[in-house]
Amino acid sequence: MPNSKSPDTLLRQNFLRQLAKLWPPIKGSLAEVRKPCIRPNCPACARGDKHPAYILSFTDKGRRRCMYVPTELVPQLQQALRNGRALEEFLYQLGPELLRHYRRQRDAPKST
Ligand SMILES: [Zn+2]
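Described below are features of the structure shown in this document.

Here is what the cut-offs are and how they apply
Residues numbered from 1 in each chain as written. Predicted model: local features only at pLDDT ≥ 70, side-chain atom pairs only at ≥ 80, totals over all residues. Heavy atoms only, no water. Phe/Tyr/Trp six-rings, centres within 6.5 Å; stacked < 30°, edge-to-face > 60°. Helix = DSSP H or I, 4+ residues; strand = E, 2+ residues; numbered from the N terminus. Buried < 20%, exposed > 50% of the residue type's maximum accessible area, 1.4 Å probe, protein only. Core = buried A, V, L, I, M, F, W, Y, C linked by side-chain atoms within 4.5 Å. Contact = heavy atoms within 4.5 Å. Donors = N, O, S within 2.8 Å, 3.2 Å for Na, K, Ca; no water. Tetrahedral: all angles 85-135°; square planar, octahedral: opposite > 155°, others 65-115°. Pairing = 2+ DSSP bridges. Salt bridge = Lys/Arg side-chain N within 4 Å of Asp/Glu carboxyl O.

## Brief notes about the packing of aromatic side chains
- Considering all chains together, one arrives at one aromatic pair under this definition.
- Where Phe15 meets Phe90, the ring centres are 5.7 Å apart and the plane angle is 5°; that geometry is what we call stacked. Residue Phe15 is found in helix H1 (residues 7-21), and its partner Phe90 is found in helix H3 (residues 74-107); the two are separated by 75 residues along the sequence.
- Here Phe90 falls in the buried class, since its relative accessible area comes to 12%.

Written as structure tokens, this is what we have:
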């Protein structure tokens, strides 16, 4: 037996390898907002500039929700959002790939 791994196993291993590279994947959107602070006589708030803050919007059981994101986490979350899009793209490709795989197996001459 030259190759004991079935094509299905190879597809699965490839999937898991891709998945590991895309950790952590998230879905949602990150937006910068400006908030007033609680300090009295804050010059930034007095100017109307307020303070930049980031919020992550996402859907939780069909309901739109959002959470504040600490500034230092913004680059990581941006990467996680890119990972999420890449993962989604990958899942879209996997459907046709599975079908082609199924057809190849069905049409392959049976070895007896
Ligand atoms: Zn302020």
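## Things to note about the nonpolar core
- Ranked by size, the top nonpolar core spans five residues in total: Leu56, Phe58, Val69, Val74 and Leu77.
- For this core, the secondary-structure elements that each account for two or more residues are strand S2 (51-60) and H3.
- If we skip the residues at most four places from it in the chain, Leu56 touches Ile26, Ser29, Leu30, Arg65, Cys66, Met67, Val69 and Leu77.

## Description of the coordination of the zinc ion
- Ligation of the zinc ion by protein atoms is provided by Cys37 (SG), Cys42 (SG), Cys45 (SG) and His51 (NE2), these donors lying 2.0 to 2.4 Å from the ion.
- Coordination geometry of the zinc ion: the four donor atoms subtend angles of 101 to 115° at the metal centre, consistent with an arrangement described as tetrahedral.
- Its relative accessible area of 22% is what places Cys45 among the partly exposed residues.

## A look at unusual backbone geometry
- A cis geometry characterises the amide bond from Trp23 onward to Pro24, with omega recorded as -10°.
- Within the secondary structure, Pro24 is located in the loop between H1 and strand S1 (29-35).
- Notably, Asn41 is not glycine yet its phi reads approximately 60°, a positive angle.
- Within the fold, Asn41 resides in the loop between S1 and helix H2 (43-47).
- The class of Asn41 is exposed, set by a relative accessible area of 77%.
- Residue Lys50 is not a glycine yet carries a positive backbone phi of 55°.
- With respect to the secondary-structure elements, Lys50 resides in the loop between H2 and S2.

## Focus on the pairing of strand S3 (residues 63-69)
- With seven bridges connecting them, S2 and S3 associate as antiparallel partners. The residue bridging Thr59 from the neighbouring strand is Arg64, located in S3.
- Hairpin remark: S2 followed by S3, antiparallel, with two residues in the connecting loop; positive phi at Lys61, about 50°.

## Considerations on the pattern of salt bridges
- All chains considered together, the criterion is met by five salt bridges.
- Its salt-bridge partner being Arg34, residue Glu32 comes within 3.6 Å of it at the nearest N-O pair.
- Overall, Glu32 belongs to the partly exposed group, its relative accessible area being 43%.
- Between Asp60 and Arg65 there is a salt bridge, and its shortest N-O distance comes to 3.1 Å.
- We classify Arg65 as partly exposed; its relative accessible area is 41%.

## Focus: the environment of Pro70
- Its place among the elements puts Pro70 in the loop between S3 and H3.
- Residues Pro70 and Pro36, spaced 34 residues apart in sequence, show a C-alpha to C-alpha distance of 16 Å.

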